[in-house]
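As a plain string of letters, each chain reads:
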Amino acid sequence: HRRCRGASARGALRLAAGDLDGAIMEFRDALASTAAAQGEDHRMTADAARNLGLALFRAGQLDEAHAVVSRSLTIRERQLGAHPDVAGSLDLLAAIEFSRGDFEANRAHARQALSIYEGTYGADHLDTINARLHLGVALEDTLPQEARELVAGAVDSLERVVGPDHHQTARRPA
């Protein structure tokens, strides 16, 4: 159990430092250790799989990232149902699918993530706002009106949450 946490913490540090190869190595170790110690269907195994998937995604290893995050999602859905951790896996999976050019799956998973975040946290939570932005980007080419509405709503919510002068919401002079 201690080995799992140590490898996961080292992976997070390496990921934050931009050492993707080192992060992937540590997260692979964490996933193997966690699955051996806790079982293949344990929530901690799902967390370790998601961490590895994120590092693989950032490294551009999209096929493996998709497989690992799908594994995380399957475990989380079975263990948790409609839970923010499930939405986190859905959101990451949607980003991977967008990068792979699988836009239909991207839109479906982005919608599911947003639905869970809205149902759990409401409209003005940062996770909900980010999910709304992600879905807006996903819909840009196919449903531009809905995309604009989602992005505008996300910006309005972000202004309420962090204020109009925050660097993410400050409007540039015309």
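The preceding data block contains the structure.
A.B. asks: Tell me about the packing of aromatic side chains, and name the residues and values.
C.D. replies: Scanning all chains against the criterion turns up two aromatic pairs. Centre to centre, the rings of Phe98 and Phe103 are 5.4 Å apart; their planes meet at 70°, and the pair counts as edge-to-face. For the pair Tyr117 and Tyr121, a centre-to-centre distance of 6.1 Å together with 15° between the ring planes defines the contact as stacked. Placement of both Tyr117 and Tyr121 in helix H6 (residues 103-121) is noted, with a separation of four residues, approximately one turn of the helix. Residue classification places Tyr117 among the buried residues on the basis of a relative accessible area of 6%.

A.B. asks: Could you give an account of the pattern of salt bridges, naming the residues involved and the relevant values?
C.D. replies: Under the criterion given, the structure shown has eleven salt bridges. Ionic pairing is found between Arg100 and Asp63, a salt bridge with its closest N-O pair at 3.4 Å. Here Arg100, found in helix H5 (residues 84-100), pairs with Asp63, found in helix H4 (residues 62-80); they are 37 residues apart in sequence, far enough to count as distant.

A.B. asks: Before we move on, could you go through the environment of Asp165 and cite the residues and values that matter?
C.D. replies: Looking at where Asp165 falls in the secondary structure, it is placed in the segment after helix H8 (144-162). Residue classification places Asp165 among the exposed residues on the basis of a relative accessible area of 73%. Separated by 106 residues in sequence, Asp165 and Ala59 have C-alpha atoms that sit 34 Å apart.

A.B. asks: If you had to explain the packing of helix H7 (residues 126-139) against H8 to someone new, which residues and values would you point to?
C.D. replies: Relative to each other, H7 and H8 sit at 155°, their axes nearing to 8 Å. Taken together, the axes of H7 and H8 lie roughly antiparallel to each other. Seen along the crossing, H7 lies across H8 with a hand that is left-handed. Taking contact as the criterion, the partners of Leu126, Ile129, Arg132, Leu133, Leu135, Gly136 and Leu139 in H7 are, on H8, Pro144, Glu146, Ala147, Leu150, Val151, Gly153, Ala154, Ser157, Leu158 and Val161. Partitioned by chemical class, the residues of the contact of H7 with H8 number twelve nonpolar, three polar and two charged.

What counts and how
- Residues numbered from 1 in each chain as written.
- Predicted model: local features only at pLDDT ≥ 70, side-chain atom pairs only at ≥ 80, totals over all residues.
- Heavy atoms only, no water.
- Phe/Tyr/Trp six-rings, centres within 6.5 Å; stacked < 30°, edge-to-face > 60°.
- Helix = DSSP H or I, 4+ residues; strand = E, 2+ residues; numbered from the N terminus.
- Buried < 20%, exposed > 50% of the residue type's maximum accessible area, 1.4 Å probe, protein only.
- Salt bridge = Lys/Arg side-chain N within 4 Å of Asp/Glu carboxyl O.
- Axes fitted to C-alpha atoms, helices over the stretch in contact; angles between N-to-C directions.
- Parallel < 35°, antiparallel > 145°, perpendicular 65-115°, else oblique.
- Left-handed = near helix turned anticlockwise from the far one by under 90°.
- Contact = heavy atoms within 4.5 Å.
- Nonpolar A, V, L, I, M, F, W, Y, C, P; charged D, E, K, R; others polar.

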